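A look at the structure
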Amino acid sequence: MSRAPPVATTPPTAPPPITALVLAGGRGARMGGADKGLQMLQGRPLVQHALQRLRQQSLPPAHVLISANRHRAEYEALGVPVLADDWPDFPGPLAGFLAGSTHAGTPLLLTVPCDTPRFPLSLCERLAQALRAQEADLAMAATPERDARGALRPQAQPVFCLLRTTLAGSLQAYLQAGGRGILDWSAQHRTVLVAFDRADDEPRAFANLNTPDELRAAEAGPRADQAASRASSSSN
């Protein structure tokens, strides 16, 4: 009795190469004007925590860049190429998106902020999977947040974004027209929100350190970190 030939299976297509960009080019207004990416946490600058999280991704990016507008030498000392905005007066994260899209050299750009030291290690992989599955232009992380009625709704985390670098022209035009909002710009394109709400997802993975109090609390430990975050939210 002859055996049936084995069934050929097509391996999943690997995602195209991804460049990751750490956003560290802001004013740091809520940090007292300090360069946020260079503020120390557990003996290392915040930007270094972000770089480590990128290296540990389940789908590691092929290349990593830093977007910074101050203290370039200190950032370059970390061994990563540094990009500055081509726009005056700190126009916001989209200027970093544009610089990254222009210089990436890959079809996709992943953006992460410098002030969120515990973002998920599955971030790049899950955004890439959603972008491909939905044939979208951008994939954006979202977390469950309660609305005024207490119902859980997906809340976009727009600086955690995977975008096609072919959107550079759209970014340029939007910034030239005076636009600054990530969500306003992304609404012009096919955008998919990727929920980070699994049982094994860390609830505070996207918590950022915006103020000196939040930074000190994170240094002290998780409980103090949560208390400082609640105090900061109630003052907004």
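Use the structure listed above.
So, how was this worked out
Residues numbered from 1 in each chain as written. Predicted model: local features only at pLDDT ≥ 70, side-chain atom pairs only at ≥ 80, totals over all residues. Heavy atoms only, no water. Pairing = 2+ DSSP bridges. Helix = DSSP H or I, 4+ residues; strand = E, 2+ residues; numbered from the N terminus. Buried < 20%, exposed > 50% of the residue type's maximum accessible area, 1.4 Å probe, protein only. Contact = heavy atoms within 4.5 Å. Axes fitted to C-alpha atoms, helices over the stretch in contact; angles between N-to-C directions. Core = buried A, V, L, I, M, F, W, Y, C linked by side-chain atoms within 4.5 Å. Phe/Tyr/Trp six-rings, centres within 6.5 Å; stacked < 30°, edge-to-face > 60°.

Both strand E6 (residues 108-113) and strand E8 (residues 152-164) contribute to a ladder of four bridges, which runs antiparallel. Considered in E8, the bridge of Leu108 is made with Arg164. In the sheet, strand E7 (residues 138-146) pairs with E8 via nine bridges, with the strands oriented antiparallel. Residue pairing across strands places Ala141 opposite Gln157, the latter belonging to E8. What sits between the antiparallel neighbours E7 and E8 is a turn of five residues, in which Gly150 has the positive phi angle 90°.

Attention now goes to unusual backbone geometry. Here the phi dihedral of Gln42 falls at roughly 55°; this positive angle occurs in a residue that is not glycine. Within the fold, Gln42 resides in the loop between strand E2 (40-41) and strand E3 (44-45). If you check the backbone angles, Glu135 has positive phi at about 50° while not being a glycine. Here Glu135 lies in the loop between helix H4 (123-134) and E7.

Before going further, it helps to examine the pairing of strand E1 (residues 18-23). Burial analysis of E1 places six of its six residues in the buried class, the great majority of the element. Of the two faces of E1, the one carrying Ile18, Ala20 and Val22 and the one carrying Thr19, Leu21 and Leu23 are both buried. In this sheet, E6 lies alongside E1 in parallel orientation, the contact comprising six bridges. Within E6, the position partnered with Thr19 by the bridge is Leu109.

What follows covers the sheet that holds E1. The strands making up a sheet associate through backbone hydrogen bonding, with each pair oriented either parallel or antiparallel. Pairing is mixed across the open sheet formed by seven strands, whose spatial order is E5-E4-E1-E6-E8-E7-E9. Whereas interior strands pair on both sides, the edge strands pair on one side only; in this sheet they are strand E5 (82-83) and strand E9 (191-195). Relative to E9, E7 runs parallel, the two sharing five bridges. In the strand pairing of E9, Ala142 is matched with Ala195. In this fold helix H3 (residues 93-103) packs onto E1, strand E4 (63-67), E5, E6 and E8, with an angle of close to 150° to the strand it touches most, E1.

Ranked by internal contacts, the top residues of the largest apolar core, which has 34 residues, are Val22, Ile66, Leu110, Val112, Leu123, Leu127 and Leu162. Those elements that provide at least two residues to this core are E1, helix H1 (46-55), E6, H4, E7, E8 and E9. In terms of residues, this core owes the most to one element, H4, which gives six residues. Of all hydrophobic cores here, the second largest spans 22 residues; its members include Leu98, Ala99, Cys161 and Trp185.

Here the focus is the packing of aromatic side chains. Given two aromatic rings, their pairing is described by the distance between the two centres and the angle made by the two planes. Going through the model one piece at a time under the given rule, you end up with three aromatic pairs. Arranged with centres 4.8 Å apart and planes meeting at 85°, the rings of Phe160 and Phe206 form a pair that is edge-to-face. Pair noted here: Phe160 is in strand E8 and Phe206 is in the loop between E9 and helix H7 (212-220), with a separation of 46 residues, a long-range link. Phe160 sits in the buried class, given a relative accessible area of 1%. Owing to a relative accessible area of 9%, Phe206 belongs among the buried residues under this scheme. The interplanar angle of 75° and the centroid separation of 5.3 Å between the aromatic rings of Phe196 and Phe206 together place this pair among those described as edge-to-face. Here Phe206 lies in the loop between E9 and H7 and Phe196 lies in the loop between E9 and H7, a separation of 10 residues in the sequence. Each of the two residues, Phe196 as well as Phe206, counts as buried.

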